[in-house]
Amino acid sequence: MVHHSGSIQSFKQQKGMNMSKSEMVKETSLKPSRRSLPCLVQSYTYSQSLSQSTSLFQSNESESQAPTSVTSISVDKAAQVNAENKKDSVLNCSFTDLSDFCLALGKDKDYMDESEHANYDRSRLIRDSVFKDKSESKPKLLSKNDMNYIASSGLLFKDGKKRIDYILVYRKSSIQYDRRNTFEKNLRAEGLMLEKEPAVANPDIMFIKIHIPWDTLCKYAERLNIRMPFRKKCYYTDRKKESMGRMKKNLKNILNWMPKNPMILDKSVFPDLEVSECYTGPFSRARIHHFIINNKDTFFSNAARSRIVYHVLQRTKYENGISKVGICKLINNGAYEAAFPPHEGAYKSSQPIKTHGPQNNRHLLYERWARWGMWYKHQPLDLIRRYFGEKIGLYFAWLGWYTGMLIPAAIVGLCVFFYGLFTMNRSQVSQEICAASEVIMCPLCDKNCSLQRLNDSCIYAKVTYLFDNGGTVFFAIFMAIWATVFLEFWKRRRSILTYAWDLIEWEEEEETVRPQFEAKYYTMERVNPITGKPEPHQPFSDKITRLLISVSGIFFMISLVITAVFAVVVYRLVVMEQFASFKWSFIKQHWQFATSAAGVCINFVIIMMLNVAYEKVAYLLTNLEYPRTESEWENSFALKMFLFQFVNLNSSIFYIAFFLGRFVGHPGNYNKLFNRWRLEECHPSGCLIDLCLQMSVIMFLKQIWNNFMELGYPLIQNWWSRHKIKRGNQDASIPQWENDWNLQPMNIHGLMDEYLEMVLQFGFTTIFVAAFPLAPLLALLNNIIEIRLDAYKFVTQWRRPLPARATDIGIWYGILEGIGILAVITNAFVIAITSDYIPRLVYEYKYGPCADQLENENCLKGYVNNSLSFFNLSELGIGKSGYCRYRDYRGPPWSSKPYEFTLQYWHILAARLAFIIVFEHLVFGIKSFIAFLIPDIPQDLYDRIRREKYLVQEMMYEAELEHLQQQRKKSGQPVHHEWP
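Residues numbered from 1 in each chain as written. Predicted model: local features only at pLDDT ≥ 70, side-chain atom pairs only at ≥ 80, totals over all residues. Heavy atoms only, no water.

Going by what an unreviewed UniProt entry lists, the chain is known as Anoctamin and is assigned to Chrysochloris asiatica. UniProt annotates the chain under Sequence similarities (unreviewed entry) with the comment "Belongs to the anoctamin family." (UniProt positions renumbered as here; feature names shortened; annotations may be inferred.)

Structure (structure tokens):
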């Protein structure tokens, strides 16, 4: 696969390099073509001599076979290339790890199975114990996917050789024996190995340990297009990048003298993740000689082995019939209790990790990630990805990125809040309200409400000013820009992770079709335009019909949410007068606050109850659509759950923000619901305080409830399971798979609940942030806890989930973009309609003291009196005379048109509409410009990806050529230097 560096004589002559013939090897088995030249040019050294007869490796065949020696290549110390002959661009290819050049013959004796008879050239297998990179001084504490590590964890069959890749659990008392027997026979026919073992704590429980042999691994790895490493990476640099590299190196040396960042993890204790340092390609048994196979037991990672086994489990029949297939259906009908990959061992150790090192990857994750004491540390994303898979790794990467981006938003929001706090007593509006002891307000209800003075709402006016001050508009614009920057830079971060995790070439076309889809549409096939293979196909008419039914179900559930909100509104109208005549003086005095608080709590209970129903309905509607792949199923289900819960969570907030107190009429002519209940009015200080109360209570209670359900409930269940085991078996030693069985399974919907919780929080943080600037701070504090809570839950409380692959966060990114757009519109309406920002602005420049000329006085002087209209108390029929005031811009009783809207009302309305249009266009323009400036992929990464694609093609070409030359040489045919 890789070319001898001594076979580049013709290339050096073409390039004009002045090297003597003694520096080259004359005897060579292969002359490289021009296609191989780019990766053979070395910026460091060329070999001086090659020993063609040194035998470095011998086969590890069984005793019945004679050991076979093979010819390998040893590389001596190389000479430096003359600097004068350097080109503008060079390739820095690290050949210190020469495992690509080494050939080994034979079969690994650590694990042998009678069913394994490889049909490939075993002379291409290499050892990992020779030619290690001497520049890597970091101890490889966890390059431990070896059999010794696996044996120490107890995750082997009884013979001590076969590793356990998956666990099935069933009850002996189950009557589904025939289905299980057929299913297990078919699994063995597919090439899997099974071993049964009863549980220690419960005699009714039986475990089936599954091992997948090498041949079966190779077969399914080829079917699933699993990418495997085949050569160390070569990095392209030029003189500009070399100078930048020297500058970075000098800067790094300077930074080494400074105190270390306490948030950075100590990477010396983490495993050396070498997979990212190799080129990868889709695995093929016909081209197995291309790949770097140090040890066939560790060639496929634990995650890859688990994915392959799960693929087989999902497509194995248990009865005659097309739809009688898959482990999921067997679990649903009770034939099996569970199916899961085992954890690598215990997450705790009696020996400290600093002195004895980690026992396994799970132990390392707990000590360096899941412990609450690590809350301020960065996350070990590479290790998370290795243990839990790319999909979960991307979730934690996104969650960490979101949490980090909340820091500037929280700081700015806190500054806006403190600005309002420090200027509260100097606010002209608050001062006028607190001093208005002679202003009588009209009663806010018909029966039990008494007349109140305006200064009774002094506290509410000051609290309202905390959230409705001069910094509100600035903060709303800032958060709209922040949302765009967050999403754009996440795309860059995602591109870096997908490159590092070898997900660039992984596309959804490599996803397999869901078994349910295959069983439903197996009679309707069409040729896949990508693969050219026939596959089940869903007719367009059938798809449209199912989508229409699903959409109808969505609208029905949304209408149910609106009905629930309407019920809460009716409740507020009914209890409003009851609280106004309550016996307790505090509630009677603050009856509006009591009404709002009770309504919020009842609304929260309804939200939590409806969420349970929504999940079941969304699950049924998604299955009714029969999505083709798992990602399509997850995206469809996630969209429904988001729509349901978003409307459920925010409908009451939208009502308070845009409808509360807008259509009440005026004293003497109030609008009534069903001609019985008078519509609720805003407080004399405005409706913004009600909006803040609704948001803060729902956000706070929902986060507490979610954290309890995510961690508290599994903790209680797992504690009870351990208690029962200890009570029944005092001295029994529980194996790892049984400990895993006693843990809680991961949510059936995977990461959907985790993403949904954070996306809804993102909506709270951005959509109504103009009314509640402390939302980013609450979100930041919650997410700091959420990261460690989720980490603790995944490592200690849940069974190990299936390590799934993904290239992004799926449909959630589109939802986040939609929320960002909605946030701009909503904040514009909140500032223009809910807050008093526009009425104050119109008064300041049109009706206030500064309207005609600029004077050295407060331009808002007299604003409160101007914003209150007069009403004749004698018209209310309560036996009182005089005038009361109410919030509106209507003519006084003595005007020619009493109680009609004044000209100032229409000026304010026009200003509100103009502000909405200007604000939206300005913010959307800024968002679009920022999105245009920030590329999705960093330029250096883009160039590297293109370069590597080119080099991979060249290396695959040359590897095939070299393999063909070797085959001809073995068969005695003439050897050509190029393709025949």
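On we go from here.
J.: Give a detailed account of the overall build of the chain, specifying residues and quantitative values.
T.: Helices and strands together make up the secondary structure of the chain, namely 29 helices and 22 strands. For the chain, the residues scored as buried account for 51% of the 980 residues in total. Across the chain, every contact between residues at least 6 apart in sequence was considered, and the portion connecting residues at least 24 apart equals 75%. Total accessible area on the chain is roughly 47100 Å²; 57% of this is exposed by carbon and sulfur atoms. (Helix = DSSP H or I, 4+ residues; strand = E, 2+ residues; numbered from the N terminus. Buried < 20%, exposed > 50% of the residue type's maximum accessible area, 1.4 Å probe, protein only. Contact = heavy atoms within 4.5 Å. Areas by Shrake-Rupley, 256 points an atom, 1.4 Å probe, with all protein chains shown as cover.)

J.: A description of the packing of aromatic side chains should follow, citing residues and the corresponding values.
T.: Counted according to the given criterion, the structure contains 56 aromatic pairs. Ring geometry for W375 against Y376: centres 5.8 Å apart, planes inclined by 75°, an arrangement best described as edge-to-face. Measuring from centroid to centroid gives 5.7 Å for F388 and F794, while their planes differ by 70°, and the two rings are edge-to-face. Taken as a pair, F388 in helix α11 (residues 381–388) and F794 in helix α24 (residues 775–797) lie far apart in primary sequence, 406 residues in all. For the pair F388 and F794, one class covers both residues: buried. Taking NZ or CZ as reference, R800 lies 3.9 Å from the ring centre of Y387, over its face. Sitting above the plane of the F901 ring, R890 keeps its charged end 4.2 Å from the centroid. (Phe/Tyr/Trp six-rings, centres within 6.5 Å; stacked < 30°, edge-to-face > 60°. Lys NZ or Arg CZ within 6 Å of the ring centre and 35° of its normal.)

J.: How would you sum up a nonpolar patch on the surface? Please name residues and give values.
T.: The grouping of F901, L903, W906, L909 and L913 at the surface amounts to a nonpolar patch, some 480 Å² of accessible area in total. If you trace the backbone, L903 turns up in helix α28 (residues 903–933). Given a relative accessible area of 57%, L903 falls into the exposed group. (Patch = residues over 30% accessible without salt bridge, like charges linked within 9 Å, V, L, I, M, F, W, Y side chains within 5 Å. Salt bridge = Lys/Arg side-chain N within 4 Å of Asp/Glu carboxyl O.)

J.: Before we move on, can you summarise the sheet that holds strand β8 (residues 205–211) with the specific residues and values?
T.: Ordered by their spatial adjacency, four strands build an open sheet running β7-β8-β6-β12, and the pairing between neighbours is antiparallel. The open sheet terminates on both sides in strands that have one partner only, identified here as β7 (193–198) and β12 (338–340). Shown here is a sheet whose adjacent strand axes are inclined to one another by a mean of 20°, direction ignored. Judged from the six bridges that link them, β7 and β8 form a sheet pairing that is antiparallel. The partner of P198 across the bridge, within β8, is M206. (Pairing = 2+ DSSP bridges. Axes fitted to C-alpha atoms, helices over the stretch in contact; angles between N-to-C directions.)

J.: How would you summarise helix α3 (residues 177–189) if you had to cite specific residues and measurements?
T.: For an α-helix the count is 3.6 residues per turn, leaving residues at separations of three or four pointing the same way. Helix length check: α3, at 13 residues, gives a terminal C-alpha distance of 18 Å against a target of 18 Å (1.5 Å per residue), a fit within 8%. Of the residues making up α3, those classed as buried are R179, R180, F183, E184 and L187. Summarising the axial view, the buried residues of α3 lie within an arc of 125°, below the 170-degree limit, and thus occupy one face. Relative to its buried face, α3 has exposed residues pointing more than 90 degrees away, namely Y177, D178, K185 and A189. Contact partners of the buried residues in α3: β6 (166–171), β7, β8, α7 (302–314) and α8 (327–332). Positive phi shows up at G191, right after α3, with a value of about 110°. (Expected span 1.5 Å × (residues − 1). Arc of directions from axis to C-beta.)

J.: Before we move on, can you summarise the pairing of β6 with the specific residues and values?
T.: Where a strand is regular, its side chains alternate between the two sheet faces. The element β6 is largely enclosed, with a buried count of five among its six residues. Relative to β12, β6 runs antiparallel, the two being bridged by three bridges. Looking across to β12, one finds that L168 is bridged to A339.

J.: Any chance you could break down the UniProt feature "transmembrane region" (unreviewed entry) in the chain for me, citing the residues and the numbers?
T.: Residues annotated in UniProt with the feature "transmembrane region" (unreviewed entry) correspond here to residues 395–422, 472–490, 547–571, 591–614, 642–664, 759–781, 809–833 and 905–924. Span residues 759–781 is 65% helix and 0% strand, its end C-alpha atoms 16 Å apart. Helix makes up 92% of residues 809–833 and strand makes up 0%, while its end C-alpha atoms are separated by 35 Å.

J.: Any chance you could break down the side chain of S869 for me, citing the residues and the numbers?
T.: If you trace the backbone, S869 turns up in strand β21 (residues 868–872). Taking relative accessible area as the criterion, S869 reaches 3% and is therefore assigned buried. Contacts of S869, omitting those with residues within four sequence positions, involve C884, R885, Y886, D888, Y889 and R890.

J.: Break down the pairing of β8 for me, with residues and values.
T.: Counting buried residues in β8 gives seven out of seven residues, a clear majority hidden from the surface. Residues of β8 alternate between two faces, with I205, F207, K209 and H211 on one and M206, I208 and I210 on the opposite face, all of them buried. Linkage of β7 to β8, two consecutive antiparallel strands, is achieved through a turn of six residues.

J.: Describe the confidence of the model for the chain, with residues and values.
T.: Close inspection of predicted coordinates is inappropriate in any region flagged by low pLDDT. Here the chain averages 75 in pLDDT, and 76% of its residues register 70 or above. Counting contacts from residues 1–146, a segment whose pLDDT is below 50, to residues more than four positions away or on other chains yields 281 contacts. (pLDDT = per-residue confidence, 0-100.)

J.: Before we move on, can you summarise the nonpolar core with the specific residues and values?
T.: Counting residues in each nonpolar core, the largest one holds 143 residues, and the members touching the most others are W398 and W812. Among the elements that line this core, the one with the most residues is helix α12 (residues 390–422), at 15 residues. Ignoring any residue separated from it by four or fewer positions in sequence, one finds W398 in contact with F486, W490, Y755, M758, I809 and L816. (Core = buried A, V, L, I, M, F, W, Y, C linked by side-chain atoms within 4.5 Å.)

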